[in-house]
Amino acid sequence: MGVPFFDIRYNLGPGEREALLRRWAAILDHGRFINGPEVAELEDHLCRFLGVEHALACSNGSDALVLALKAVGVEAGDEVIVPSFTFFATAGAVARLGAVPVFADIDPVSYCLDPESAAAKAGRRTKAVIPVHLYGQPAEVGAIRRAVEQAAGHEVVIVEDAAQAVGAVSPEGPCGGLGAVAGFSCFPTKNLGACGDAGFVTTRDPALAERMRRLREHGGGTQYHHDEVGFNFRQDSLQAAALLERLDHLLEYNAARREAAEHYGRLLSDHGLDDRVTAPTVTPGHVFHQYVLRVPRREELRAALQEAGIGSAIYYPVPLHRQPCFAALGYAEGDLAESERAAREVLALPIHPGVDAEMRVAVVGAMASFYSPSRPSCLR
Ligand SMILES: Cc1ncc(COP(=O)(O)O)c(C=O)c1O
């Protein structure tokens, strides 16, 4: 049985498709493609869904991080501590403002920023830290803040990169409300995926929300009057309508992802694979944007899965401190050992809500055949 890594159609079932077309038809009728009523409605729904006071829809998750960093006062020359093992945009957002990404290592179990490594990178110029809730697993934001502030000797601003973590909840509270401000992505493959590029920011601070509202639209308070130079980071009404439709199903989708992760864990141990591969821990607040294992002989396994029609992906093959565009920052191989090891070992299996139990059985069966070709793969 073939199992594609991702199939966008899972969230376009007949009911949803019709509802979405009705919402889009309403937009064609009212014609407010920019700043239409759907945007404010989405922001209101996001606040209630996430339990935060302010949400602002914006163009995508990368711009959401730039907006957040700019709003908290990150300027050229400031240092911002980020994990090296994350999607490029985490550090790219810092660099886009002329600030300096300072790379720290990850915890080998959660794959999120390691508080001790972050503290070791803190200094006089540290302005902010970006914990990333990688794969949908909440980072230890409180511990990171305490460790970095103690090492830096001053307060730092926490900007959450919650791009992969919509609906995730840590023991400290919902992701998106753990720092000063958070950036989320609604890239189509994300847990809350749009039909194109989209994202949003959240904050509990009304002054920050107000500043981001202005910055999102060229820094203007009233039309054609600009207090500062901002951006065009608006979200269009068609995307907001798509997200409104998806948001209604998100609890269900996130629960399905968690259930799939538990099932994968059981299948791996039924096949005796749990001493060969390292499966992620299924914590209650994890939303499993990705289901990521550490595996031996990764490239061969990927090829065998592909042969069996099973998709997989590597998030991420090159840690950011080893990216050519950051070479001038002077990092070398071996500087961040856990990030480098994760980049060599991780493999993501298909996890979106369209991957049913039978498909998961096929995925793990194919893995079992690869690692123990002589054993029959009939376990359920
Ligand atoms: C951790 C992380 N940060 C930021 C982003 C950027 O989001 P977008 O692709 O919507 O710009 C992504 C998206 O892949 C991400 O995974």
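Residues numbered from 1 in each chain as written. Predicted model: local features only at pLDDT ≥ 70, side-chain atom pairs only at ≥ 80, totals over all residues.

Enquirer: Let's hear about the packing of helix α1 (residues 14-30) against helix α8 (residues 237-247): which residues, and what values?
Expert: Axis separation between α1 and α8 bottoms out at 9 Å; the angle between their running directions is 150°. Overall, the two elements α1 and α8 adopt an arrangement that is roughly antiparallel. Seen from above, α1 lies across α8 with right-handed handedness. Between α1 and α8, the residues in contact are Glu16, Ala19, Leu20, Arg23, Trp24 and Ile27 and Ser237, Leu238, Ala241, Ala242, Leu244 and Glu245, respectively. Among the residues making up the contact of α1 with α8, the classes are represented as 8 nonpolar, 1 polar and 3 charged. (Axes fitted to C-alpha atoms, helices over the stretch in contact; angles between N-to-C directions. Helix = DSSP H or I, 4+ residues; strand = E, 2+ residues; numbered from the N terminus. Parallel < 35°, antiparallel > 145°, perpendicular 65-115°, else oblique. Left-handed = near helix turned anticlockwise from the far one by under 90°. Contact = placed C-beta atoms within 7 Å. Nonpolar A, V, L, I, M, F, W, Y, C, P; charged D, E, K, R; others polar.)

Enquirer: For the site of the ligand, give the residues involved together with the corresponding values.
Expert: Near the ligand lie 14 residues; those nearest to it are Gly61, Ser62, Phe87, Ala163 and Ser185. Only α3 (61-71) and α4 (89-96) provide two or more residues apiece to the shell around the ligand. Within the shell around the ligand, the residues separate by chemical class into 5 nonpolar, 8 polar and 1 charged. (Near = placed C-beta within 6 Å.)

Enquirer: Tell me about the pairing of strand β8 (residues 181-185), and name the residues and values.
Expert: In terms of burial, β8 is a largely internal element, 5 of the 5 residues being buried. Side chains of β8 alternate between two faces, with Val181, Gly183 and Ser185 and Ala182 and Phe184 buried alike. Bridge count for strand β5 (residues 157-161) against β8 is 3 bridges, and the pairing is parallel. Residue pairing for β8: Asp161 is matched across the bridge by Gly183. (Buried ≥ 20, exposed ≤ 12 C-beta atoms within 10 Å, placed from the backbone. Pairing = 2+ DSSP bridges.)

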